[in-house]
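Spelled out from the first residue to the last, the chains are:
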Amino acid sequence: MAARLLAHEVADLCLGKPPLKSLSVSATVRHALTALKSTDDTHISVWSCNHSNHSISYQDCRCVGKICMVDIICYLCKDDNIMSPTTALDSPVSVLLSPDSNVVTHVDPATCLVEAIDLIINGAQNLIVPITRRTTINSKRKQTLPNESSIAPTTHTGGIEFCWLTQEDVIRFLLNSIALFSPTAAYSVNSLGIIDSDILTVNYHSPASTALHSITTALADQTSVAVVDDDGILIGEISPFTLSFCDETAAAAIATLSAGDLMAYIDCGGPPEDIIKLVETRLKQRGLKGMLESFSVYSSEINVNSKLCATLLSSSDDEMLNSPVSVKSGRFSRSSSYSARITRMAEAIVCYPGSSLVAVMIQAIAHRVSYVWVIEEDCSVVGIVRFSSMLEVFREHLESMMN
């Protein structure tokens, strides 16, 4: 069994993965916004070429990064852009890319599992893998907006397409063989030394704008920002995963609300009416006319979306609505300006220092996050456990298998 696991290549993990949608590095932030609004994917790959030209060879075009809605939201919150968001959207999409070139890494399909884990431990978040034929996944796709070329599939000469593997894909794959990692998988996260006490926090009553840098850092590190009270008790979180299901008008909320109110703002179906009015009032007070115009369009439609979301949630699975061991901070949905979307509860997923590694893995995978908060019995925050730290433990165990 151990030899079989070690023999796996990244191509084995790509089975069933859909081909990437792509955006050319020559596109604008506006193109990126259009592309994100017309797909169910939270991230879109950015390439050094335009994939509407199918004669481009694999060697002449590389993935140079990835973007999500949070990149755009944080970009619009910058001092230079908040006064004129429309102008900011005309900037090149390259302004959104991470300066870390290792975030996305091209690998050969024959790359072994251990090598892939090493790449992730060293900073890679997405492994770009060529696939030779389309998958047979029947996913319901939204009707695309007019600029088709901005969301073209990553197709090269010879029909070569690409998918990407994430930390979650690798963790999920290892979970299927968890018995091979006994007894390590049953050890507590505390005894394994994988609790990171260097965490990002913001006070519940502090302006959300003070957490902007932390949100950007959390996005880059695939973690989150803990919202705590004056005693360090975990109240909720401002998660990039949560914000990725909002639209660009969330920038107005970050610029005007407290951290606590921002959690309510990104609740599923849209924020309460009083918070909408509060955002509009503060935008007017600050003279942010451009952002106010965009937000007014959003707020005029949000009540309709709120009713739809509430109806869908009322008929949803009770288990989803009553997730164990969690600190609730609301629910969230992707932009109401173009669709209604139901996702997981916007909760801070937590465990305890004595929780086993396998239990924490299952929690994270079940809630589609790459981290789990660690708290004491009184809900004070101890730290955070990340997928990357889990992979370091498994990598060490795999090393012993090879010897």
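Note: the structure precedes this text.
Model, not experiment: these values are computed from the prediction. Here the residue index of a chain counts from 1 through its sequence in written order. For this predicted model, a pLDDT threshold of at least 70 governs which residues receive local features, and a threshold of 80 or more governs which side-chain atom pairs are given and counted, while totals over whole chains, interfaces and linings are taken from all residues. Here the side-chain values reflect all heavy atoms present in the structure, with hydrogen atoms and water set aside.

Topic: the side chain of Ser224
Only DSSP runs of H or I reaching four residues or more are called helices, and only runs of E reaching two or more are called strands; each is numbered from the N terminus. Relative to the helices and strands, Ser224 is located in the loop between helix H9 (212-221) and strand E8 (225-228). Here's how the labels work: a residue is buried when its accessible area is under 20% of the maximum for its type, exposed when over 50%, partly exposed in between, all with a 1.4 Å probe on protein chains only. Given a relative accessible area of 1%, Ser224 falls into the buried group. Nitrogen and oxygen atoms within 3.5 Å of one another constitute a polar contact, given that in protein one can donate a hydrogen and the other can accept it, and given that sequence-neighbouring residues count only through two side-chain atoms. One polar contact links Ser224 to Glu237, side chain to side chain, over a distance of 2.8 Å. A polar contact is formed between the side chain of Ser224 and the backbone oxygen of Ile238, at a distance of 3.2 Å. Excluding residues that lie within four positions of it along the chain, Ser224 makes contacts with Leu200, Ala218, Glu237, Ile238, Ser239, Pro240, Tyr371 and Trp373. Any two residues having at least one pair of non-hydrogen atoms within 4.5 Å are treated as being in contact.

Quick notes on the nonpolar core
Working definition of a nonpolar core: buried Ala, Val, Leu, Ile, Met, Phe, Trp, Tyr and Cys residues. They are joined through side-chain atoms within 4.5 Å. Ranked by internal contacts, the top residues of the largest apolar core, which has 57 residues, are Ile72, Ile238, Leu243 and Tyr265. Among the elements that take part in this core, helix H4 (residues 69-76) stands out by supplying seven residues, more than any other. Formed by 51 residues, the second largest nonpolar core is a distinct cluster that contains Val114, Leu174, Ile384 and Leu391.

Thoughts on the pattern of salt bridges
A carboxyl oxygen of Asp or Glu within 4 Å of a side-chain nitrogen of Lys or Arg is what we treat as a salt bridge. Considering all chains together, one arrives at ten salt bridges under this definition. Close ionic contact of Lys17 with Asp169 constitutes a salt bridge, the shortest N to O distance being 2.8 Å. Placement of Lys17 in the loop between helix H2 (10-13) and strand E1 (22-24) and of Asp169 in helix H8 (residues 167-175) is noted, with a sequence separation of 152 residues between them. By sharing partners, the salt bridges in this structure join Asp118, Arg395 and Glu399 into a single network.

Looking at the sheet that holds strand E9 (residues 234-238)
Strand order in this open sheet of three strands is E7-E8-E9, and the pairing throughout is mixed. The sheet terminates laterally at strand E7 (200-203) and E9, the two strands that pair on one side only. Recorded for the sheet is a direction-independent mean angle of 35 degrees between the axes of neighbouring strands. In this analysis, strands are considered paired if DSSP registers two or more bridges between them. Looking at chain direction, E7 and E8 are connected through four bridges and run parallel. In the strand pairing of E8, Leu200 is matched with Val225. Working convention: axes come from line fits to C-alpha atoms, limited for helices to the stretch in contact. Angles between N-to-C directions cover 0 to 180 degrees.

Digging into the packing of aromatic side chains
Only rings of Phe, Tyr and Trp enter the pairing, Trp through its six-membered ring, and a pair is recorded when the two centres are within 6.5 Å. The plane angle decides the type: under 30 degrees is stacked, over 60 is edge-to-face, the rest tilted. Counted under the stated rule, the structure contains four aromatic pairs. Ring plane angle 75 degrees and centroid distance 4.7 Å describe the contact between Phe181 and Phe394, whose orientation is recorded as edge-to-face. Here Phe394 lies in helix H17 (residues 387-402) and Phe181 lies in the loop between H8 and E7, a separation of 213 residues in the sequence. Since its relative accessible area comes to 0%, Phe181 is described here as buried.

Some details on the pairing of strand E12 (residues 371-375)
Burial within E12 is extensive, with five of its five residues counted as buried. Residue alternation in E12 divides its side chains into two sets, Tyr371, Trp373 and Ile375 and Val372 and Val374, and both sets are buried. Taking the residues that link successive antiparallel strands as the turn, the E12-strand E13 (residues 381-386) hairpin has five residues, and the phi of Cys379 there is positive, at about 75 degrees.

Points about the pairing of strand E2 (residues 43-47)
For E2, a buried count of four out of five residues is recorded, marking the element as mostly surrounded by other parts of the structure. Bridge analysis of E1 against E2 gives three bridges, and the strand direction is parallel. Directly across from Leu23, in E2, lies its bridge partner Val46. Assignment of crossover handedness uses the view with strands pointing away from the viewer, where a clockwise path from the first strand over the helix to the second indicates a right-handed crossover. Crossover handedness for the path E1 to helix H3 (residues 29-37) to E2: right-handed.

A short note on unusual backbone geometry
In this chain, Ser182 is followed by Pro183 through a cis amide linkage whose omega measures 5 degrees. Within the element layout of this structure, Pro183 appears in the loop between H8 and E7. Of note, the phi angle at Arg368 is positive, near 55 degrees, even though the residue is not glycine. Tracing the backbone shows Arg368 in the loop between helix H16 (357-366) and E12. The partly exposed category is assigned to Arg368, whose relative accessible area is 49%. One non-glycine residue, Cys379, lies in the positive phi region at around 75 degrees. Following the sequence through the fold, Cys379 ends up in the loop between E12 and E13.

Quick look at the packing of H16 against H17
Contact geometry for H16 and H17: axes closest at 11 Å, N-to-C directions at 140 degrees. Here H17 runs oblique to H16, going by the angle between their axes. For H16 against H17, the interelement crossing comes out left-handed. From H16, Leu357, Val360, Met361, Ala364 and Ile365 reach across to H17, where they touch Phe387, Met390, Val393 and Phe394. Under the scheme applied here, ten amino acids are nonpolar (Ala, Val, Leu, Ile, Met, Phe, Trp, Tyr, Cys and Pro), four are charged (Asp, Glu, Lys and Arg), and all others, including Gly, are polar. Considering only residue class, the contact of H16 with H17 consists of nine nonpolar, no polar and no charged. We call two directions roughly parallel when the angle between them is under 35 degrees, roughly antiparallel when it is over 145, roughly perpendicular when it lies between 65 and 115, and oblique otherwise. Handedness of a crossing is defined here by the sense of rotation of the near helix relative to the far one, left-handed for an anticlockwise turn of less than a right angle and right-handed for a clockwise turn.

Remarks on the environment of Ile384
Structurally, the position occupied by Ile384 is in strand E13. Overall, Ile384 belongs to the buried group, its relative accessible area being 2%. Distance from Ile384 to Tyr371, taken between C-alpha atoms, is 6.7 Å for residues 13 residues apart in sequence. In this structure, Ile384 is in contact with Ile194, Ile195, Asp196, Ile199, Thr223, Tyr371, Val372, Trp373 and Val374, ignoring residues within four places of it in sequence.

Quick notes on the packing of H3 against H4
Between H3 and H4, the least distance of the axes is 10 Å, while the angle of their chain directions is 140 degrees. The pairing of H3 with H4 is recorded here as oblique in orientation. The hand of the H3/H4 crossing is left-handed. Every residue of H4 that contacts H3 at Val29, Ala32, Leu33, Leu36 and Lys37 is listed here: Met69, Ile72 and Tyr75.

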